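# Per-entry structural report
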Amino acid sequence: MSEVFDQVCPVCGSKKFIFDRNKRELICTGCGYVIAVMDIETGPEWRSFEGDEVDRSRVGLPPSYLLQDKGLSTIITASDEDSLGRQIDIKKKRDFNRLRKWQQRISAYSSIERNLQNAITYLNQLGDKLNVPRPILEHAAYLYRKALKMDLVRGRAINSIVAAALYIALRHYGTPRTIKSVARAAGVDKKELGRCYRLLVRELRIKMPVIDPVQYIRRIVSAAGLDDKVILEAENIIKLAKEKKITAGKDPVGLAAAAVYFAASKLGYKITQRDIALAADITEVTVRNRCKSLAEELGLEEPQKTEKRPKRIIQKTT
């Protein structure tokens, strides 16, 4: 698109130009004359030819919160060769081994650094259990660093604070994980995880987004072995509940489970509230209460059930 600048083309007299950001050139749209060229070159300082496998980059990996030193420090590798590829003699090898050992000790010298190193290791392990993407782990590590800097970890278990930071990061990115599933994977009590979660939200002044019950529908339907048609019907029920403004203050997992139950019943599935509770990993009482509130507010009724059954019902894990 052409833009108007405070210049006039000396060839055709036009005032409309296009700025090429790659070549840093100001080009006239009328005749194609280059009015000005920026002196800054944004491209690489070397040329790449086919078959050239030499890495000419002068930078390393970007800083990462998942590394204790953010990846900014250098390390002594365990190689037996120098920079020219020559073998290191036995005496120098012993000296390098001693330097390498002291470098590892110095990298986690203070108690805060050791705490951070243990927390990051545990966070990576917890992320592998829950199959959490790396950007979410980066955000959780950033929150833990802030909590450690504000001395919120003192007197509390590292795994509880790490699990709370990960749960906050999961909610921030809109990933459907319940606090119960995070507590089970972290091996901590649900109430303790809730206390640490409220502590971080209050002290770090984090504004948590509102959880949409629709995020849990697909996971519940998949765990219960239902078809994709149930997902669309359950989403319509949640949409109707939002229009009636009856979702505020309710557990999003319970609302999603109740919507899935009504949707499956409407489509003719012979399924009980207990089956939905097992699939959603919540109590049957929660499903019953949410079903009762949706039935009263939306006028939903459970139709006659047929012999059509879901493919698979998961069992509640311990």
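Below, the structure is looked at part by part. (Residues numbered from 1 in each chain as written. Predicted model: local features only at pLDDT ≥ 70, side-chain atom pairs only at ≥ 80, totals over all residues. Heavy atoms only, no water.)

### Regarding the overall build of the protein chain
Check the secondary structure of the protein chain and you find 11 helices and 4 strands. Taking all 318 residues of the protein chain together, the buried fraction comes to 35%. Looking at the protein chain alone, contacts between residues at least 24 apart form 62% of all its contacts between residues at least 6 apart. On the protein chain, roughly 20900 Å² of surface is accessible, and the fraction owed to carbon and sulfur atoms is 51%. (Helix = DSSP H or I, 4+ residues; strand = E, 2+ residues; numbered from the N terminus. Buried < 20%, exposed > 50% of the residue type's maximum accessible area, 1.4 Å probe, protein only. Contact = heavy atoms within 4.5 Å. Areas by Shrake-Rupley, 256 points an atom, 1.4 Å probe, with all protein chains shown as cover.)

### What to know about the environment of Ile179
Its location among the elements puts Ile179 in helix α5 (residues 179-186). Excluding anything up to four places from it in sequence, Ile179 contacts Tyr167, Lys190, Leu193 and Gly194.

### Considerations on the environment of Asn124
Its location among the elements puts Asn124 in helix α2 (residues 111-130). Owing to a relative accessible area of 27%, Asn124 belongs among the partly exposed residues under this scheme. Considering only alpha carbons, one finds Asn124 and Arg134, 10 residues apart in sequence, at a separation of 9.1 Å. Apart from residues no more than four positions distant in its own chain, Asn124 is found in contact with Leu66 and Leu137.

### Quick notes on the pattern of salt bridges
Using the criterion set out here, one finds 10 salt bridges in the structure. The salt bridge partner of Arg98 is Asp95, with a shortest N-O separation of 3.1 Å. You can see Arg98 and its partner Asp95 sitting in helix α1 (residues 90-107), 3 residues apart, about one turn around the helix. When its relative accessible area of 46% is taken as the criterion, Arg98 is described as partly exposed. Judged by relative accessible area, which is 33%, Asp95 ranks as partly exposed. A salt bridge links Arg154 to Asp151; its shortest N-O distance comes to 3.1 Å. (Salt bridge = Lys/Arg side-chain N within 4 Å of Asp/Glu carboxyl O.)

### What to know about the pairing of strand β4 (residues 34-37)
Pairing between strand β3 (residues 25-28) and β4: 3 bridges, direction antiparallel. Pairing of Leu26 across the sheet is with Ala36, part of β4. With antiparallel pairing between neighbouring strands as the criterion, β3 and β4 make up a hairpin whose turn holds 5 residues, including Gly32 at a positive phi of roughly 85°. (Pairing = 2+ DSSP bridges.)

### Section: the packing of helix α9 (residues 252-266) against helix α11 (residues 284-298)
Remark: α9 packs on α11, axes separated minimally by 8 Å, with the N-to-C direction vectors making an angle of 70°. Comparing the axis directions of α9 and α11 gives the class roughly perpendicular. Crossing handedness for the pair α9 and α11: right-handed. Touching Gly254, Leu255, Ala257, Ala258, Ala259, Tyr261 and Phe262 of α9 are Thr286, Val287, Arg290, Cys291, Leu294 and Ala295, all from α11. Split by residue class, the contact of α9 with α11 holds 10 nonpolar, 2 polar and 1 charged. (Axes fitted to C-alpha atoms, helices over the stretch in contact; angles between N-to-C directions. Parallel < 35°, antiparallel > 145°, perpendicular 65-115°, else oblique. Left-handed = near helix turned anticlockwise from the far one by under 90°. Nonpolar A, V, L, I, M, F, W, Y, C, P; charged D, E, K, R; others polar.)

### Quick look at the packing of aromatic side chains
The description of an aromatic ring pair rests on the distance of the ring centres and on the angle between the ring planes. Inspection of every chain in the model, using the stated rule, returns 3 aromatic pairs. Aromatic side chains Tyr167 and Tyr197 sit 5.3 Å apart centroid to centroid with 80° between the ring planes, which places their arrangement in the edge-to-face category. One end of the pair, Tyr167, is in helix α4 (residues 158-172); the other, Tyr197, is in helix α6 (residues 190-203), and 30 residues separate them in sequence. When its relative accessible area of 7% is taken as the criterion, Tyr167 is described as buried. (Phe/Tyr/Trp six-rings, centres within 6.5 Å; stacked < 30°, edge-to-face > 60°.)

### Digging into the state of the cysteines
In total, this model carries 0 disulfides according to the counting rule given. You can see Cys31 has no disulfide; the closest cysteine sulfur is in Cys9, sitting 3.6 Å from it. Assessed through its relative accessible area of 38%, Cys31 is described here as partly exposed. (Disulfide = S-S within 2.5 Å.)

### Observations regarding the nonpolar core
If you look at the biggest cluster of nonpolar residues, it comprises 42 residues, and the most contacted ones within it are Leu123, Leu126, Tyr144, Leu166, Leu193 and Leu200. For this core, the secondary-structure elements that each account for two or more residues are α2, α3 (134-149), α4, α5 and α6. Looking at this core element by element, the count peaks at 10 residues for α4. Not counting chain neighbours up to four residues away, the residues in contact with Leu166 comprise Leu123, Leu126, Leu130, Val132, Ile136, Leu137 and Ala140. Formed by 36 residues, the second largest nonpolar core is a distinct cluster that contains Val221, Phe262, Ala263 and Val287. (Core = buried A, V, L, I, M, F, W, Y, C linked by side-chain atoms within 4.5 Å.)

### Quick look at the pairing of strand β2 (residues 16-20)
Along a regular strand, successive side chains alternate from one face of the sheet to the other. In this structure, β2 lies alongside β3, joined through 4 bridges in antiparallel fashion. Residue Ile18 lies in a different strand from β3, and its bridge partner there is Ile27.

### Some words on helix α10 (residues 273-280)
Each α-helix winds once per 3.6 residues, and so residues spaced three or four apart point in a common direction. Burial analysis of α10 places 7 of its 8 residues in the buried class, the great majority of the element. Residues of α10 that are buried: Gln273, Asp275, Ile276, Ala277, Leu278, Ala279 and Ala280. Looking at the buried positions of α10, the neighbouring elements they touch are α7 (214-224), α9 and α11.

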